Amino acid sequence: MKGATPSPPRHILDNAISNVSNYYVSRLKQCCETHNLRQVKQLHAHIIKNLIDPEAFLLNNLISGYFKVSNIKYARNVFDQMRRPNPFSWNAILSVYSKQGNVVKMEEIFNLIPRKDGVSWNLMISGYIKCGLSEKALEAYKLMLRHGLENLNRIALSTVIILLSNKGWLRLGGVIHGHIVKFGFESYVFVASPLVDMYAKCGLINEAKRVFDELPERNLVVHNTMLMGFLRCGMVEESYGLFGRMTERDSISWTSMITGLTQNGMEREALDLFQEMRFKGLNMDQFTFGSVLTACGGLSALKEGKQIHAYLTRTDHMDNVFVGSALLDMYSKCRDIKNAETVFKKMPYKNMVSWTAMLVGYGQNGYSEEAVQIFCEMQRNGVHPDYFTLGSVISSCANLASLEEGAQFHCHALVSGLISFITVSNALITMYGKCGNIKESHQLFDEINWKDEVSWTALVSCYAQFGKVNETINLFEEMLAQGQQPDGVTFVAVLSACSRAGFVERGHQYFALMVDKFGISPVLDHYTCMIDLFSRAGQLEEAKNFIVQMPCRPDTIGWSTLLSSCRTRGNMDIGKWAAESLLELDPQNSAGHVLLASIYAAKGKWDEVAQLRKGMREKGIRKEPGCSWIKYKNKVHIFTADDKSSPYSDQIYQELEKLYDKMEEEGYVPDMRSVLHDVEKSEKLRMLNHHSERLAIAFGLIFIPPELPIRVVKNLRVCDDCHNATKIISKIAQREILVRDAARFHIFKNGECSCGDFW
C-alpha cells in the first residue's frame, strides 16, 4: 500500500520478543525467590494482557515458576493452554509431577509426550525413585535403553548408580558399571563419582580406587568422594595421603576428614584438624560442628566442647537442630547433664534426634526417672518414638526396676508395631530380667523369630544375675550350638555365674575358650570375674597369683572384690595387700578404707579401725551412703539408714519393731560383723535394724497389696545381716520380696533366697 509503514525485519521482531520474554523470566525468578504466589499470578496476568502469543520459552518458565511457589494446578493450566508445546514444555510439566512425586500424573504426561528425549527419561527415573519405587525406576532405565541409546546420558547413569548404592544392590551396580564402560561414559567425573561411592559403601575399596585412578581428569567432588570412601573403610593412612595430595580442598574435604577420624576412634586427631580448619578461616557448616562435637563427647573433652559451644553462639548455627542435638549429646557424654538440659530447653525446634539425645543422656548419667519423664513429654508434644528411642526408655525402666512402666512401654511396642525391631525386643528381655520377672524375659525371647547374639546375651545375663547357674550355662551352651557368636558381655555373664556357684574349673575353661576359640581379648571386667571366681571359692592365693600374672593391673572393682573376700575369709595379709593396692590406685576410694576396717573390726582391732577412720576424716573421704528405693503409685520413695524424712516414718519404724519381735521368735540372730563401730550391742542392733533396705521393705509391707511382690533396689551390696533378715521377713509376712543390689537380684520367698546365700 502506498505510503504504508514497512514491517520491521523478522530478526528484529524476534529479538524484541526475546527481550520481553527475558524480562518477564527475570521478574518471575525474583517472585519465586521470595516464594510469592500473589506476585507470580500478577505477573502471569500481565503476560496474558500484553502478549498475544507468548513464547514457549516464557510459558515453560511460568510452569516451573508455579511449581516453585507450590501451585501445581496453575502450572498445569498454563501447559494445557499452550498452543504449540515444544519438547521443553512437555519436560517442564513432567518435571512438576516428577518432583511432586505424583506417579499417576507423571506417567500420564510421559505417555502423551510425542517425542521423548533423555531429559524425559531422566525425570521418570528420578520421579520413581522419589516415590520409593526402585524397581519401577530400573524398569524405566531398561525401557529407555530399548528405545534408543541416544537417550542415555550422564544424569541417567549417575541417578541409577546412586539408587543402587543406597540400596546396596552391588550386582546390579556392576551391570550399570558395564554399561558405563561399554557406552563410553567411564571418563566422565559426574558418573565416576557415584560409582566410587557405591563401591566404597559396599566395602569394595580397591574397586573404588581403580575407578578413581583410571579417570583422566579428577575434580574436587570425586576427590572428596574417594576421601570419604577411604575413611568409611577405615583406611585412615590412605585418607591422610590423599588429603595431603589434594591441590584444592573445600569445607567438605575438611569436614569429611573430621567426621571420618571421629568414626574411626581418632577423636583427638579430629579435634586437632578442626582447630587447623578454624585457624585457616574456612567455612564450617552443621556437619563440621556435629562431627567435632561428637569427637569432644568421645574424648570427654568438656573444656574443648564448651569452647566450641561459645564459638557457636556467635554464628547462626545455634538454631540448627542437628547442631543442637550434637551439643547436648556432647554435654551428656561429658557427664554435664545440667548444660545438656539447658541446651535442650533453649532449642527452638526439636526433632526425634534431639528428644532421643536428651533421653539417652539422662540414661547414661543415671537419671533413669528423668529419662522416662522426657519420653512422656516427647509423646505429649506429638513426637512419635522410633525403635531406638523406645528401646532407650525401656532400658531406663530396667535401671529403675520399674516393672509397671516397663510393661506400659511393652504395650506401646505391641500397639505401634515397634516390637518387631530386635533392639526393642532385646531391651524388653533385659528390662523384665532386671525387674525380677525372668519368666516374662524367657517368653519374650521365645517369641522372637530371629534372635541375634544380643538376644541370647540378654537372656544369659538375666539368668546369671538371678544366680540360676545351671540355666545360665545350659543357655550359653545352646547359644553356641545354634552357631551364635558370643561377645565379651556374654562371657562376663557366664564367668560371673560360675563365680557365684563356685565352679572354679569350669570358669577357667570358659575364660580359655573366650581367648583361644573366639579370639576375644580379655578386658578388666573379665579379669575381675576371674578374681571373683578364685576369691569366692576361698582360693585367695590363686587370686593373688592370677593378679600378678595379669597383663594389666586390676581396677578399683577388681581390688575391692579381692578385699571383700579377704574380709569374709579373715585373711589379713592378702587383705592388706589388696587394700594398699586399691588405695594406691585411688587414694580417695572409700570402699578400700571401709573393707580394711571390716577386717580389723572382725579381729577386734578397734585401734586400727579408729586410725583408719581418722585418716578418712583428715583426707575428706566419706563412705558412699547406702540407699534403697521402692516405687508406689508412680512415685519413687528413697530411704537411707536411720532415715526419718519420709512422712510415713512413724508407721515404718513401728512395723520394724513388730517384725523384730517376730524375727526373734523365728530364731533370728543379728550378725554384728556388719557394724564397723565399737559401740554397745544395743546400739549395733539398732543400726542394723535401720538399714535402708529394711526401711524400704517395711514401707512395702505397709502399702504394697499382699498379692503383689515387694520390689526394692539398693545402690550397694546387701550386707550379710540384712540378707538373713529379709529371708526371715519373707517367711513371717508370707510375701515375695525382690531386692536388686549392686551385685545381683535376690528373690526372697518362704524364708529362702534365689541366690542360695552366695552373692
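Predicted model, so just to flag it, every value in this text is computed and none were measured.

A. The arrangement of the overall build of the protein in detail. Along its length, the protein carries 40 helices and six strands. Taking 27 Å as the expected radius of gyration for a compact globule of 759 residues, we find that the protein reaches 36 Å, considerably beyond that expectation. Counting only C-alpha atoms, the protein reaches 140 × 55 × 50 Å along its principal axes. Expressed as a percentage of its 759 residues, the buried residues of the protein come to 49%. In the protein, once contacts between residues fewer than 6 apart in sequence are set aside, the share between residues at least 24 apart is 61%.

B. Broad picture of the environment of Arg38. Structurally, the position occupied by Arg38 is in helix H2 (residues 37-50). Accessibility expressed as a relative area gives 58% for Arg38, which makes it exposed. Sequence-wise, Arg38 and Leu328 are 290 residues apart; in three dimensions their C-alpha atoms are separated by 42 Å.

C. Spatial organisation of the sheet that holds strand S1 (residues 627-632). Here six strands make up an open sheet; going across it, the order is S2-S1-S3-S4-S5-S6 and the pairing mixed. Each end of this open sheet is capped by a strand with a single partner; those strands are strand S2 (635-640) and strand S6 (752-753). With six bridges connecting them, S1 and S2 associate as antiparallel partners. Residue Tyr632 lies in a different strand from S2, and its bridge partner there is Lys635.

D. Helix H3 (residues 56-68), seen in detail. With 13 residues, H3 extends 18 Å from end C-alpha to end C-alpha; this agrees with the ideal 18 Å at 1.5 Å per step. Taken together, the buried positions of H3 are occupied by Leu58, Leu59, Asn60, Leu62, Ile63, Gly65 and Tyr66. Phi for Ser70, located one or two positions after H3, is positive at around 65°.

E. Region of interest: the pattern of salt bridges. Scanning all chains against the criterion turns up 21 salt bridges. Close ionic contact of Asp532 with Arg536 constitutes a salt bridge, the shortest N to O distance being 2.7 Å. Here Arg536 and Asp532 lie together in helix H31 (residues 524-536), a separation of four residues that amounts to about one turn. Via salt bridges that share partners, Arg76, Asp80, Lys105 and Glu108 belong to a single interconnected network.

F. Highlighting a nonpolar patch on the surface. On the surface, a cluster of nonpolar side chains totalling about 280 Å² of accessible area is made up of Tyr387, Phe388 and Phe421. Along the chain, Phe421 turns up in the loop between helix H24 (403-416) and helix H25 (422-434).

G. Local environment of the nonpolar core. By size, the foremost hydrophobic cluster in this structure holds 185 residues, and its most contacted members are Ile63, Tyr141, Ile308, Leu390, Ile394, Met431 and Leu562. The greatest single-element share of this core, amounting to eight residues, is contributed by helix H11 (residues 189-201). Every residue in contact with Leu390, bar those within four places of it in the chain, is listed here: Phe375, Pro385, Phe409, His412, Ala413, Leu418 and Val424. Ranked by size, the runner-up nonpolar core spans 30 residues in total, among them Tyr653, Tyr668, Ile710 and Cys722.

H. The arrangement of the state of the cysteines in detail. Tallied over the entire structure, the rule returns zero disulfides. In this structure Cys202 is a free cysteine whose sulfur lies 9.7 Å from that of Cys233, the closest cysteine sulfur available. A relative accessible area of 27% means that Cys202 is categorised as partly exposed. No disulfide involves Cys462; its nearest neighbouring cysteine sulfur is the one of Cys435, lying 10.0 Å away.

I. Focus on the packing of helix H27 (residues 453-465) against helix H28 (residues 469-481). Interhelical geometry of H27 versus H28 gives an angle of 165° and a closest axis separation of 8 Å. Comparing the axis directions of H27 and H28 gives the class roughly antiparallel. The two elements H27 and H28 cross, and the hand of that crossing is left-handed. Facing Glu453, Trp456, Thr457, Leu459, Val460, Tyr463 and Ala464 of H27, the residues of H28 in contact are Glu471, Thr472, Leu475, Phe476, Glu478 and Met479. The residue inventory of the contact of H27 with H28, partitioned by class, reads eight nonpolar, two polar and three charged.

J. Spotlight on helix H21 (residues 352-364). The terminal C-alpha atoms of H21 lie 18 Å apart, and with 13 residues this matches the ideal 18 Å at 1.5 Å per residue to within 8%. For H21, a buried count of 10 out of 13 residues is recorded, marking the element as mostly surrounded by other parts of the structure. Within H21, burial applies to Met352, Ser354, Trp355, Thr356, Ala357, Met358, Leu359, Val360, Gly361 and Tyr362. Two or three places before Val353, at the opening of H21, Asn351 has a side-chain oxygen 3.1 Å from that residue's backbone nitrogen. Trailing H21 by a residue or two, Gly366 shows a phi angle of about 85°, which is positive.

K. Structural context of the environment of Phe289. Mapped onto the secondary structure, Phe289 falls in helix H17 (residues 286-299). Separated by 115 residues in sequence, Phe289 and Gly174 place their C-alpha atoms 36 Å apart. Leave out the neighbours within four places in its chain, and Phe289 touches Phe274, Met284, Ile308, Tyr311, Leu312, His317 and Val323.

L. Here's a closer look at the pairing of strand S4 (residues 737-740). Residues Ile737 and Val739 point to one face of S4 and Leu738 and Arg740 to the other, with burial holding for every one of them. At this point the chain moves from strand S3 (residues 710-714), through helix H40 (residues 720-733), to the parallel S4, and the crossover so formed is right-handed. Examined bridge by bridge, S4 and strand S5 (residues 745-749) share four bridges and lie antiparallel to one another. Its bridge partner lying in S5, Ile737 is registered against Phe748. Hairpin connection, S4 to S5: the antiparallel pair is bridged by four residues.

M. Structural view of the packing of helix H22 (residues 368-380) against helix H23 (residues 387-400). Where H22 meets H23, the closest approach of the two axes is 8 Å, and the angle between their N-to-C directions is 145°. The element H22 and its partner H23 pack so that their crossing is left-handed. On the side of H22, the interface is formed by Ser368, Glu369, Ala371, Val372, Phe375 and Met378, while H23 contributes Thr389, Leu390, Val393, Ser396, Cys397, Asn399 and Leu400. In terms of residue class, the contact of H22 with H23 is built from eight nonpolar, four polar and one charged.

N. Molecular detail of the packing of aromatic side chains. This structure, assessed with the given rule, holds 30 aromatic pairs. The interplanar angle of 50° and the centroid separation of 5.3 Å between the aromatic rings of Tyr66 and Tyr74 together place this pair among those described as tilted. On the basis of relative accessible area, Tyr66 is assigned to the buried category, the value being 0%. A relative accessible area of 30% places Tyr74 in the partly exposed class. Arranged with centres 5.9 Å apart and planes meeting at 50°, the rings of Phe534 and Phe546 form a pair that is tilted. With Phe534 in helix H31 and Phe546 in helix H32 (residues 540-549), this residue pair connects regions lying 12 residues apart in the sequence. No difference in accessibility class separates Phe534 from Phe546, as the two residues are buried. In this structure an aromatic cluster arises from ring pairing among Tyr632, Phe639, Tyr648, Phe699 and Phe703. One Lys or Arg, Lys350, reaches over the ring of Phe344 and ends 5.0 Å from the middle of that ring. Just above the ring of Phe445 sits the side chain of Lys451; from NZ or CZ to the centre is 5.1 Å.

Procedures and definitions
Residues numbered from 1 in each chain as written. Predicted model: local features only at pLDDT ≥ 70, side-chain atom pairs only at ≥ 80, totals over all residues. Heavy atoms only, no water. Helix = DSSP H or I, 4+ residues; strand = E, 2+ residues; numbered from the N terminus. Rg over C-alpha atoms; globule rule 2.2 N^0.38 Å. Buried < 20%, exposed > 50% of the residue type's maximum accessible area, 1.4 Å probe, protein only. Contact = heavy atoms within 4.5 Å. Pairing = 2+ DSSP bridges. Expected span 1.5 Å × (residues − 1). Salt bridge = Lys/Arg side-chain N within 4 Å of Asp/Glu carboxyl O. Patch = residues over 30% accessible without salt bridge, like charges linked within 9 Å, V, L, I, M, F, W, Y side chains within 5 Å. Areas by Shrake-Rupley, 256 points an atom, 1.4 Å probe, with all protein chains shown as cover. Core = buried A, V, L, I, M, F, W, Y, C linked by side-chain atoms within 4.5 Å. Disulfide = S-S within 2.5 Å. Axes fitted to C-alpha atoms, helices over the stretch in contact; angles between N-to-C directions. Parallel < 35°, antiparallel > 145°, perpendicular 65-115°, else oblique. Left-handed = near helix turned anticlockwise from the far one by under 90°. Nonpolar A, V, L, I, M, F, W, Y, C, P; charged D, E, K, R; others polar. Polar contact = N/O pair within 3.5 Å; in protein donor to acceptor, adjacent residues only side chain to side chain. Right-handed = clockwise from strand over helix to strand, strands pointing away. Phe/Tyr/Trp six-rings, centres within 6.5 Å; stacked < 30°, edge-to-face > 60°. Lys NZ or Arg CZ within 6 Å of the ring centre and 35° of its normal.

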